[in-house]
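Listed below are the residues making up each chain.
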Amino acid sequence: MTSLLVIIVLVLLAVALWQLTKIFDLTQVGTSSDSSQVANDRDNNIQGYLMFGFLAFLYVFTIYGLLAWGNLPLHTPASEHGGQVDNLMNITWVLIFTVQAITQVLLYYFAFKYKGKKDQKALYFADNNKLEALWSIIPAVVLAGLILYGLYAWTNIMFVDEDEDTIVVELYAQQFKWTARIAGEDNVLGKANVRYIEGVNTLGVDLSDKNAEDDIVVSELHIPKGKKIHFKFRSQDVLHSAYFPHFRAQMNCVPGMVTEFAFTPVYTTSEYRELPYMVEKVTHINELRAKKSVELIAKGESGLDPYTFDYLLLCNKICGASHYNMQMKIVVDTPEDYKKWLADQTTLVAQVKASLEKPVEETGVEAKENDTVAAPAAPEVAMK
């Protein structure tokens, strides 16, 4: 509400200044003035110096932004391929900043040096082959190098050998939550289709498929450090985007199709929390939260809990009203801790059986003696 009021005040102030300008023009009626609306030497000098002033503002603000907010971007990557992504991003930033610095300085310098003067005519060149070649070849070579390096990095990141030892995990997107399904000992996900969604089986897994017998469905995903995780993505409703910021990974989740991505974690959650930059960041966040808590408690409201870092899976597409809240906690364990966690999980088949065996009072549905855990015949288009 405060922002809206500020915007309204600024708009009204602009209108008032505009009206004052019109009043000032009316007061000048009858006085001698240049109404030709043709720029003279004084006008051109003013415009030239304004050009330099804007150039100075542009670079002062840029330098200030780097100093003030340079610590906000993501820091140490938590995956093997994260370094390649960061290198590609850094090279791109350096190229953009260098080209921008050179071109903007030249633009405003020439605008000042060759500003209009009385009786001075501009020298006109129909063409200049050397300049044309220069500003065509150099950008083409730079962009070609950048694209080739990007394709090389993308191929290294996206390539997953069929014989490679991976853990297969499905991430299922729906408004507004994530659900993970881990392939069991066979490391093969059972078939799935939205037509099979019923009761506990919220992912539409074909429970008659033998590969689905050991699938595990969880709302908090644990993965082991040093092991490549092969993710497969599905969406139940609209276009989502699975975004793992600290792992430098993102993949669209498209209704009706399966997309894939793989990465290898290199830091456990505990190890990442102990990184110096993360310790400093969490400390700063908790200082801000403590100050805010004092204000809230003074108003009779509850204070904020201390912040603890966790890896998160986010949605990077605006998928609806609660898009901002669509996230899932990801825990990177040591291989030993991961095995212990996995051993404590219950398979989806066991969960469905348990739900069917509940008393009528709990389920509201009368179970029959011959009920079995089954599903309709699998359609031709199903996920493996």
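Described in the following lines is the structure provided in the data block. Here the structure is a predicted model, which is why all the values come from computation and not from measurement.

1. Topic: the overall build of the protein
For step 1, the next point in the chain: For the protein, the count of helices and strands is 9 helices and 10 strands.
For step 2, the next point in the chain: Across the 384 residues in the protein, those meeting the buried criterion constitute 29%.
For step 3, the next point in the chain: For the protein, the accessible surface area stands at approximately 25,700 Å², while carbon and sulfur atoms represent 61% of it.

2. Points about the sheet that holds strand 6 (residues 240-244)
For step 1, the next point in the chain: In space, the 5 strands of this open sheet follow the order 4-10-9-6-7, with mixed pairing throughout. With one partner strand each, in any of the chains shown, strand 4 (221-224) and strand 7 (249-253) form the two edges of the open sheet. On average, adjacent strands in this sheet sit at an angle of 25 degrees to one another, irrespective of strand direction.
For step 2, the next point in the chain: Relative to strand 10 (residues 327-333), strand 9 (residues 311-315) is paired through 4 bridges, and the arrangement is antiparallel. Looking across to strand 10, one finds that Leu313 is bridged to Met328.
For step 3, the next point in the chain: Those strands touched by helix 7 (residues 335-343) are strand 4 and strand 10, and its axis lies near 140 degrees from that of strand 4.

3. Regarding the layout of surface pockets
For step 1, the next point in the chain: In this structure, the largest pocket spans a volume of roughly 840 Å³.
For step 2, the next point in the chain: Those elements giving two or more residues to the lining of the largest pocket turn out to be helix 2 (41-69), helix 3 (82-113), helix 4 (129-158) and strand 7.
For step 3, the next point in the chain: Per-element tally for the lining of the largest pocket: the top contributor is helix 3, with 10 residues.

4. Examining the sheet that holds strand 1 (residues 166-174)
For step 1, the next point in the chain: With mixed pairing, the 5 strands of this open sheet are ordered in space as 3-2-1-5-8. Here the strands that pair on one side only, and so sit at the sheet edges, are strand 3 (216-218) and strand 8 (259-263). Taking each pair of neighbouring strands and ignoring which way they run, the sheet shows an average axis angle of 25 degrees.
For step 2, the next point in the chain: Each of strand 1, strand 2 (177-182) and strand 3 touches helix 7; the most contacted strand, strand 2, lies at about 95 degrees to it.

5. Notes on the pattern of salt bridges
For step 1, the next point in the chain: Inspection of the entire model under this criterion finds 10 salt bridges.
For step 2, the next point in the chain: Note that Glu170 and Arg234 form a salt bridge whose closest N and O atoms lie 2.8 Å from each other. One end of the pair, Glu170, is in strand 1; the other, Arg234, is in strand 5 (residues 228-235), and 64 residues separate them in sequence. With respect to class, Glu170 is no different from Arg234; both count as buried.
For step 3, the next point in the chain: Residue Arg273 pairs with Asp310 through a salt bridge whose shortest N-O separation is 2.6 Å. Here Arg273, found in helix 5 (residues 269-273), pairs with Asp310, found in the loop between helix 6 (276-298) and strand 9; they are 37 residues apart in sequence, far enough to count as distant.
For step 4, the next point in the chain: For Asp310, a relative accessible area of 19% gives the class buried.
For step 5, the next point in the chain: Linked by salt bridges that have partners in common, Glu170, Arg181, Asp215 and Arg234 make up one network.

6. Side note on helix 6
For step 1, the next point in the chain: Taking 1.5 Å per residue, 23 residues should reach 33 Å; helix 6 reaches 34 Å between its end C-alpha atoms and fits that length.
For step 2, the next point in the chain: Turning to helix 6, its buried residues are Tyr277, Met278, Val282, Ser293 and Leu296.
For step 3, the next point in the chain: Tucked inside the fold, the buried residues of helix 6 contact helix 5.
For step 4, the next point in the chain: Count one or two residues on from helix 6 and you reach Gly300, which has phi positive near 85 degrees.

7. Thoughts on the side chain of Asn201
For step 1, the next point in the chain: Turning to its location among the elements, Asn201 is positioned in the loop between strand 2 and strand 3.
For step 2, the next point in the chain: If sequence neighbours within four positions are ignored, Asn201 has contacts with Tyr196, Leu207 and Leu348.

8. Concerning the pairing of strand 10
Looking along a regular strand, one sees side chains alternate from face to face of the sheet.
For step 1, the next point in the chain: Counting buried residues along strand 10, 5 of its 7 residues qualify, which places the element largely inside the surrounding structure.
For step 2, the next point in the chain: Strand direction decides the pairing type here: strand 4 and strand 10, joined by 4 bridges, are parallel. By the bridge assignment for strand 10, Leu221 is matched with Ile330.

Calculation rules
Residues numbered from 1 in each chain as written. Predicted model: local features only at pLDDT ≥ 70, side-chain atom pairs only at ≥ 80, totals over all residues. Heavy atoms only, no water. Helix = DSSP H or I, 4+ residues; strand = E, 2+ residues; numbered from the N terminus. Buried < 20%, exposed > 50% of the residue type's maximum accessible area, 1.4 Å probe, protein only. Areas by Shrake-Rupley, 256 points an atom, 1.4 Å probe, with all protein chains shown as cover. Pairing = 2+ DSSP bridges. Axes fitted to C-alpha atoms, helices over the stretch in contact; angles between N-to-C directions. Contact = heavy atoms within 4.5 Å. 1 Å grid on protein atoms, 1.4 Å probe; cavity = no way out; pocket = protein on both sides within 12 Å on 5 of 7 lines; lining within 4 Å. Points joined across faces, edges and corners; volume = space filled by probe spheres on them. Salt bridge = Lys/Arg side-chain N within 4 Å of Asp/Glu carboxyl O. Expected span 1.5 Å × (residues − 1).

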